[in-house]
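Chain by chain, the residues run as shown.
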Amino acid sequence: MKLNRSTDMALRIAMFTAASETRTTVDELATQLSLPRSHVAKVVQRLQRLGVLVTIRGRSGGVAFAERAGELTVGEVVRAFEGNDEVVNCEQPTCPLLGGCRLRGELRRAQAAFLAVLDGVRLGDLVDGAAGPLLLSLGAPGRGA
């Protein structure tokens, strides 16, 4: 299963903000993570609605990892961004094998197993140990290109 770009961005933004002890801006997130600013702004909005981020408006505002967001799972974020679509769409166009095919059921099982693994990983777990400082060094000034 391949995650869409928004899901990938959401997970990277969540990890970066979880590792940071200070607020950051959408512009800073875009720069640090080498992502398009307009996409970052949309993903930040969705993460805020999901309870992963808090946003503060104004001159000293910014984006921060929500207090209880570390307990949310990667599976919850993936479901929020990916939706409940199946891995393959057997309906559009209708597959001639639909009536007797076992593949659809096996793909559903595989997708459920994929999400079950991600349900066992909390967002806070993603920044434990060396991962946090490494995330914060991304795109930092003085980092060799």
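Scope of this entry: the structure provided in the associated data block. (Residues numbered from 1 in each chain as written. Predicted model: local features only at pLDDT ≥ 70, side-chain atom pairs only at ≥ 80, totals over all residues. Heavy atoms only, no water.)

### Let's talk about the environment of Ala18
1) Next: With respect to the secondary-structure elements, Ala18 resides in helix 1 (residues 5–19).
2) Next: The spacing of Ala18 and Val127 is 109 residues in sequence and 6.9 Å in space, taken between C-alpha atoms.
3) Next: Excluding residues within four positions of it along the chain, Ala18 makes contact with Phe65 and Val127. (Helix = DSSP H or I, 4+ residues; strand = E, 2+ residues; numbered from the N terminus. Contact = heavy atoms within 4.5 Å.)

### As for the nonpolar core
1) Next: Formed by 32 residues in total, the largest nonpolar core has its most connected members in Ile13, Val40, Leu47 and Val52.
2) Next: No other element matches helix 1, which puts 8 residues into this core.
3) Next: Excluding residues that lie within four positions of it along the chain, Val52 makes contacts with Ala14, Leu47, Ala64, Phe65, Ala66, Ala69, Leu72, Val77 and Leu123. (Core = buried A, V, L, I, M, F, W, Y, C linked by side-chain atoms within 4.5 Å. Buried < 20%, exposed > 50% of the residue type's maximum accessible area, 1.4 Å probe, protein only.)

### Observations regarding the side chain of Thr17
1) Next: Within the element layout of this structure, Thr17 appears in helix 1.
2) Next: Judged by relative accessible area, which is 3%, Thr17 ranks as buried.
3) Next: Not counting residues within four places of it along the chain, the set of residues in contact with Thr17 comprises Thr24, Leu29, Leu53, Val63, Ala64 and Phe65.

Remember, this is a structural readout, not a statement about activity or role.
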